Amino acid sequence: MSAQPDLTAMLADLHTLVGIESPSSDPVAVSRVMDVVEGWARDLGATTRALPGGTRSLQFGLDASGAERPLLILMHADTVWPTGTLERMPWRHDGDRLYGPGTYDMKGGIVGTVHALRALHGEWPRGGIHVLLSPDEEIGSVTSRPHIEAAAQGARAALVVEPPVADSHALKTGRKGTGGYWLTLHGIASHAGNRPADGASAITAAAEAVLAIHALARPEVGTTISAGVIHGGSAMNVIPETCTVEFDVRVSTLDEAQRVDDAVRAWAPTDTRVRTTLTGGLNRPPFEQGEATLALYARARDLARDLGFTLEHESVGGGSDGNFTAPITPTLDGLGAPGDGAHAAHEHIRLDRWPDHVRLLTRLLRTL
Ligand SMILES: [Zn+2]
């Protein structure tokens, strides 16, 4: 019996949030977005507070006795876009597509959630709804992770309003675990012409490391590795003293994470004069596609069918804060605004599909 979401009002709210650029690196800017969302939540009757590190807790009708556990909703206010992006990537309509930095990942998800909450008219589900709005999802959720895990411990289920799979109606029922390594090679500088044998090349060692660590990938079981950044050397005629390589690592299981971690830590260059320092590791554990998640998905699929559209689901390579909640409580991800172009210049949401997804979220909140 839910009324159609008011797309005009949703767009006005989204325009407000997109207009406040909020790169993860600028906590003051991110908190401006949070202030707006917190204001909307208060208008809906939420009890709100700021947690250490900046995450906001927005609580709707929580059971003070703690007997009934709430639904947890996860969203983030930061984006990958630096301040000034709006000038070259402005808010713009093209037919059913609405373009702009952060529209798809994930200010559309924030606005859709606020409108789904509004559509409940203060009739919160048993146990209430606990929303966490975090400031640092795009840089690994270092400050928000403890709050997310603590809230998940007490929640019936976690709903993540990251966008659905690109250009689809597919929710996310699994995600790879994500990690990164920063490997620095410390060699010995020397004149490349006069005293080459005195030098120990950090770049040669880095080249070995790239090949050896790439060889740890096992794409057939979901393990992928990419050296994404390399910095080293000082001048062409100097045997390079230092070189740093950054590796992106994705895994589908904790066993694979351990295998890769052991091997990366055990790796050593052929030239024993080159020392290594290694930082990093697994950041987000794998969100393994489990029965609890698939049961939640089945509920959503049935609700979508009643609403007249076909929902699908997929396990994806990118991580989210759902990776932290999935080992703790049943988690369903991808409940934000449909579209395409996350972290890309063509980032947009689909206005023809967005209201359906907001109605779906409203019904999930009402019936879970
Ligand atoms: Zn996101």
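Small disclaimer: the values here were computed from a predicted structure and weren't measured.

Visitor: Give me the lowdown on unusual backbone geometry, citing residues and values where you can.
Guide: A cis amide bond links Asp105 with the next residue in sequence, Met106, at an omega value of -10 degrees. Relative to the helices and strands, Met106 is located in helix H4 (residues 103-118). In this structure, Asp167 takes a positive phi of about 50 degrees despite not being glycine. The phi dihedral of His343 falls on the positive side, at around 60 degrees, and the residue is not glycine. Structurally, His343 is set in the loop between strand S17 (339-340) and strand S18 (348-350).

Visitor: Can you explain the sheet that holds strand S5 (residues 97-99)? Please cite residues and give values.
Guide: Across the sheet, four strands lie side by side as S4-S5-S18-S17; this open sheet has antiparallel pairing. Lying at the two open borders of the sheet, with one neighbouring strand each, are strand S4 (92-94) and S17. Packed on one face of the sheet, H4 meets S5, S17 and S18 and runs near 50 degrees to S18.

Visitor: Outline the domain arrangement of the chain, listing residues and values.
Guide: We note that the domain assignment places domain 1 (7-175 + 287-367) and domain 2 (177-284) within the chain. The gap between the C-alpha centroids of domain 1 and domain 2 is 36 Å. Taken together, the contacts link six residues of domain 1 with six residues of domain 2. Taken together, the residues that form the side of domain 1 that touches domain 2 break down as one nonpolar, four polar and one charged.

Visitor: Account for the environment of Pro90, naming residues and giving values.
Guide: With respect to the secondary-structure elements, Pro90 resides in the loop between helix H3 (85-88) and S4. On the neighbour-count criterion, Pro90 (11 C-beta atoms within 10 Å) is exposed. Separated by 42 residues in the primary sequence, Pro90 and Thr48 have C-alpha atoms spaced 32 Å apart.

Cut-offs applied
- Residues numbered from 1 in each chain as written.
- Predicted model: local features only at pLDDT ≥ 70, side-chain atom pairs only at ≥ 80, totals over all residues.
- Helix = DSSP H or I, 4+ residues; strand = E, 2+ residues; numbered from the N terminus.
- Pairing = 2+ DSSP bridges.
- Contact = placed C-beta atoms within 7 Å.
- Axes fitted to C-alpha atoms, helices over the stretch in contact; angles between N-to-C directions.
- Domains from an automatic or database assignment.
- Nonpolar A, V, L, I, M, F, W, Y, C, P; charged D, E, K, R; others polar.
- Buried ≥ 20, exposed ≤ 12 C-beta atoms within 10 Å, placed from the backbone.

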